[in-house]
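The primary structure of each chain is shown beneath.
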Amino acid sequence: MEREAMDFDVVIVGAGPSGLSAACRLMQQANEAGRELSVCVVEKGSEVGAHILSGAVFEPRALTELFPDWAERGAPLNTPVLRDELYLLKDAAKAQKLPNALVPKSMHNTGHAGSNGAIGSNDTSGSNYVISAGNLCRWLGEQAEALGVEIFPGFAAQQAIVDDAGIVRGIITGDMGVAADGSETANYMPGMELRAKYTLFCEGARGHIGKQLISRFDLDAGRDPQHYAIGFKELWDVPAEQHEPGLVLHGSGWPLDDKDHGGGSHGGWFLYHGDDQQVMVGLIVDLAYRNPYLSPFDEFQRMKHHPLLKRHLEGGKRVAYGARAITKGGANCLPKMTMPGALLLGCDAGTLNFAKIKGIHTAMKSGLIAAETVFTAIAADDEGGKELSEFTHAWESSWAWQELQASRSFGPAIHKFGTVGGGAFNFVDQWLGGKLPLQRDTTPDHQLKKAAESAPIDYPKPDGKLSFDKPSSVFLSNTNHDENQPCHLKLSDPDIPIARNLPEYAEPAQRYCPVGVYEVVEEAGEPQFRINFQNCIHCKTCDIKDPSQNITWVAPEGGGGPNYPNM
Ligand SMILES: Cc1cc2nc3c(=O)[nH]c(=O)nc-3n(C[C@H](O)[C@H](O)[C@H](O)COP(=O)(O)OP(=O)(O)OC[C@H]3O[C@@H](n4cnc5c(N)ncnc54)[C@H](O)[C@@H]3O)c2cc1C
Ligand code: SF4
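Just so it is clear, the model here is predicted, and its values are computed rather than measured.

A.B. asks: So what about the overall build of the chain? Which residues, and what values?
C.D. replies: For the chain, the helix and strand inventory stands at 15 helices and 24 strands. Taken over C-alpha atoms, the radius of gyration comes to 23 Å for the chain, in line with the 24 Å a tight globule of 567 residues would show. With respect to the three principal axes, the spread of C-alpha positions in the chain is 65 × 65 × 50 Å. Split into buried and exposed, the 567 residues of the chain put 54% on the buried side. Restricting the contact set of the chain to residue pairs at least 6 apart, pairs at least 24 apart contribute 77%.

This is the structure:
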C-alpha cells in the first residue's frame, strides 16, 4: 500500500507542555498577522494528556507569557501553593524539618519567593500552583485547536525524514496493523509522511527520535553525558479531614542511601495536596545509582511507610500510578537544540531545572521561543529546511536559560558530595549567585557496579494498604497495547540479558523497570529473558539504564501505552 504524504508549515512531535505551547504561539502569531499557517501536532497517547505524568508544582511564568488571561480562559490552575516544607528523612522513623532560612531558594514554592529562579530576586508572575500536568496539556490542546492547530492523537512519530542533504523534512508516523511476526494484518495501514518546512521535536525525556537526531547531528558534542532520574507518582483520594489544599512537602534522605555500600543512590520525594481531596505522592530516583540490586519501585513503596508521609495517605485510596524518566543534566548537558529543518525542545533536549525539580515552565518557554523563531522565518517567506541559529541566541537570552545556568552545579554537587554535602554546597552556591567552582559529572548513568561487589537489598513485602506490588500498580496506569504487534523494546543483541547482564549484574532490568516488563524465568532448567511489552508505560528507563546499552525503546503502534487520568 502506498504511503500517503501531507504537507504542513510546521509539524510538532508530542503534545506535551513544550509542543502545545509552540503550537499555540505559532497560531497566535499567524492569526495576528492575518497569515495562513498549517501546524499539526502528533501525539502517541490515545488522547492529549494520556501519557503526561508530572508532580506537579507549576510556575506559571511561561503560561502567562502565552495566555496572559489564562485565569479567564479557565486554565486548570486551581490550587496555589500555600505552605511549603522541606525535610530530611534520617531513617525509617525520624525526619528533620529544615528551617526556612536553610532551604535553598530554588525550593521555595509559596507566593512569589524565588519562583523565577533568578537567584536572590522575586518573581513578578505570581504563585506556584499544584496542578495536574495532564489536565494542563488537555486545556492547552483545546486552546491550540481553537486557534487552528490540527492535533492527531493516537499517532506516533516513528522516524524523522532526513533528505540526502542532511535536512530534516518532517516525520513518518508508525504503521498500523502490523502483526507480531511483522506481517500485515487486515487492519494494515502504512504510516503517513508528514512533511514540513520546520519540525519541532517535543517528545519529552529520552525521546526516541530525539536520541537519533542527537547522534546523527552530533548535537551533544562538547557536552557532558546527559543525566536522568526515574520519577514515580501516585494519586490518592484522602479523607477530607486530612486534606490541606496547597500544602507542598519535599524531602530527601531515607530510603535512598547515598553511601557507596547502599549503591550511591540519590533522589528526593514529593507530596502535594491538590484539589478534589487528592494527594500526589512521588519519589524521584537518580539513575546514576550503582547497585544493580536497587529497585526504584520498591524504594518508593517502602518510602510511603515513613510516619511523615503515612499520615497524609492513611485511610485514603490509591487511584492512579505511573512513572516517567526525567532529563536532569541541565546546562552542562544540554545539547545544541537546532539542526537543519528542525529544533529539539523541552525535555527532549533537557531544559528541566533540577534544582527545582521543575521542567514544565522551561519546556514551555523553549516552545515559545521556537515558535517565535520559526514564525519569523516563515513570515519572511523562508522555504524551510534552514538551521535556525537565531533560536540559540534567543534561548540563551531568556530567563529559562539563566535558570539553568544558575543551577548547573546542582546535580553534579549531589553526585560528588552526597545528599547533605551536596545540599550544603548548593545552598551556599545559590546565596553566592553561582560563584562556587563549577561542578561536573561525566560518568554516564548506565554504569553499574558488578553484582558480586554489591549488597542485595531486602525490600519489605507490600502491605496492600500503603504499599503495593507491580501488577496492581500497572493496572492503575490503565496501560494497553495490542498484543499482536512487534515488540517495541528492541535488543541489539538478544543474548546479552542472559549471557552478560545476568551473571555480571543480576540482570537489573527486572528491578529498574517500574512495571515488571522484564523478567528472567526458568524454562527447561535454563534462564530465559522475557519481555512483557504490553505492560510498558513508556517511561524510557530501560533505554537509559541498561548497563550494556542493549535496549532501544521505539514507539509502538499509536494509541498504545498508559492512559493516565489527571497525572
Ligand atoms: C514524577 C515527576 C515529577 C515532576 N514534577 C514536576 C513539577 O513538580 N514541576 C515541574 O514543572 N515539572 C515537573 N516534572 C518535569 C515535567 O513533567 C517535565 O519537565 C515536562 O513534562 C516536560 O515537558 P515536555 O513537553 O518536554 O515533555 P512531556 O511532558 O514528556 O511530553 C511529551 C509528549 O510527547 C509525546 N511523544 C513522545 N514521543 C512521541 C512520538 N514519537 N510520537 C508522538 N508523540 C510522542 C508523549 O506521549 C508526551 O505526550 C516532573 C516529572 C516527573 C516524571
Ligand atoms: S519497558 Fe522500559 S520504557 Fe517500558 S516501562 Fe519498563 S523501563 Fe519503562
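A.B. asks: How would you sum up the site of ligand 1? Please name residues and give values.
C.D. replies: In the neighbourhood of ligand 1, 45 residues make up the surrounding shell, with G14, G16, G204, G346 and G359 lying closest. Mapped onto the shell around ligand 1, the elements with two or more residues apiece are α1 (17-33), β2 (39-43), β3 (57-58), β14 (228-237), β17 (278-286), β18 (317-327), α7 (346-349) and α8 (360-379). Taken together, the residues that form the shell around ligand 1 break down as 23 nonpolar, 15 polar and seven charged.

A.B. asks: Please set out the site of ligand 2 residue by residue, giving values where relevant.
C.D. replies: Around ligand 2, 13 residues are found, and the nearest of them are C513, V517, C536, C539 and C542. Of the residues contributing to the shell around ligand 2, the split by class is 10 nonpolar, two polar and one charged.

A.B. asks: Describe the sheet that holds strand β5 (residues 83-89), listing the residues and the values that go with them.
C.D. replies: The strand order across the open sheet built from seven strands is β6-β5-β15-β16-β17-β14-β18, with neighbouring strands paired in mixed fashion. Bordering the open sheet on either side are β6 (95-97) and β18, each of which pairs with just one other strand. Each strand of the sheet is rotated relative to its neighbour by a mean of 20°, with strand direction disregarded. For strand β15 (residues 247-253) and strand β16 (residues 267-273), the ladder comprises four bridges, and the chain directions are antiparallel. Within the sheet, the bridge partner assigned to L249 lies in β16 and is L271.

A.B. asks: Which residues make up the pairing of β16, and what values go with them?
C.D. replies: With six of its seven residues buried, β16 lies for the most part within the structure. Sheet topology places β16 next to β17; seven bridges connect them, and they run antiparallel. The residue bridging W269 from the neighbouring strand is L283, located in β17. Between β16 and β17, which pair antiparallel and follow one another directly, the connecting turn spans four residues, one of which, D276, has a positive phi of 50°.

A.B. asks: Account for the nonpolar core, with residues named and values stated.
C.D. replies: Among the nonpolar cores identified, the biggest contains 149 residues, and I12, V13, A23, L26, V41, L200 and L345 are the most heavily contacted of them. Looking at which element gives the most residues to this core, the answer is α8, with 10 residues. Contacts of I12, omitting those with residues within four sequence positions, involve G19, A22, A23, V39, V41, L200 and C202.

A.B. asks: Go over the environment of D224 with me, naming the residues and quoting the values.
C.D. replies: Tracing the backbone shows D224 in the loop between α4 (208-216) and β14. Between the C-alpha atom of D224 and that of W395, which follows or precedes it by 171 residues, the distance is 19 Å. When residues no more than four places from it in sequence are discounted, the contact partners of D224 are G329, N332, C333, R440, D441 and T442.

A.B. asks: Which residues make up the sheet that holds strand β7 (residues 129-130), and what values go with them?
C.D. replies: Pairing within the open sheet is antiparallel, and its three strands lie in the order β3-β7-β4. Of all the strands in the sheet, just β3 and β4 (79-80) have a single pairing partner and so form its edges. Where β3 meets β7, two bridges bridge the pair, whose relative direction is antiparallel. Counterpart to F58 in the pairing with β7 is Y129.

Rules used throughout
- Residues numbered from 1 in each chain as written.
- Chains lettered and ligands numbered in written order.
- Predicted model: local features only at pLDDT ≥ 70, side-chain atom pairs only at ≥ 80, totals over all residues.
- Helix = DSSP H or I, 4+ residues; strand = E, 2+ residues; numbered from the N terminus.
- Rg over C-alpha atoms; globule rule 2.2 N^0.38 Å.
- Buried ≥ 20, exposed ≤ 12 C-beta atoms within 10 Å, placed from the backbone.
- Contact = placed C-beta atoms within 7 Å.
- Near = placed C-beta within 6 Å.
- Nonpolar A, V, L, I, M, F, W, Y, C, P; charged D, E, K, R; others polar.
- Pairing = 2+ DSSP bridges.
- Axes fitted to C-alpha atoms, helices over the stretch in contact; angles between N-to-C directions.
- Core = buried A, V, L, I, M, F, W, Y, C linked by C-beta atoms within 7 Å.

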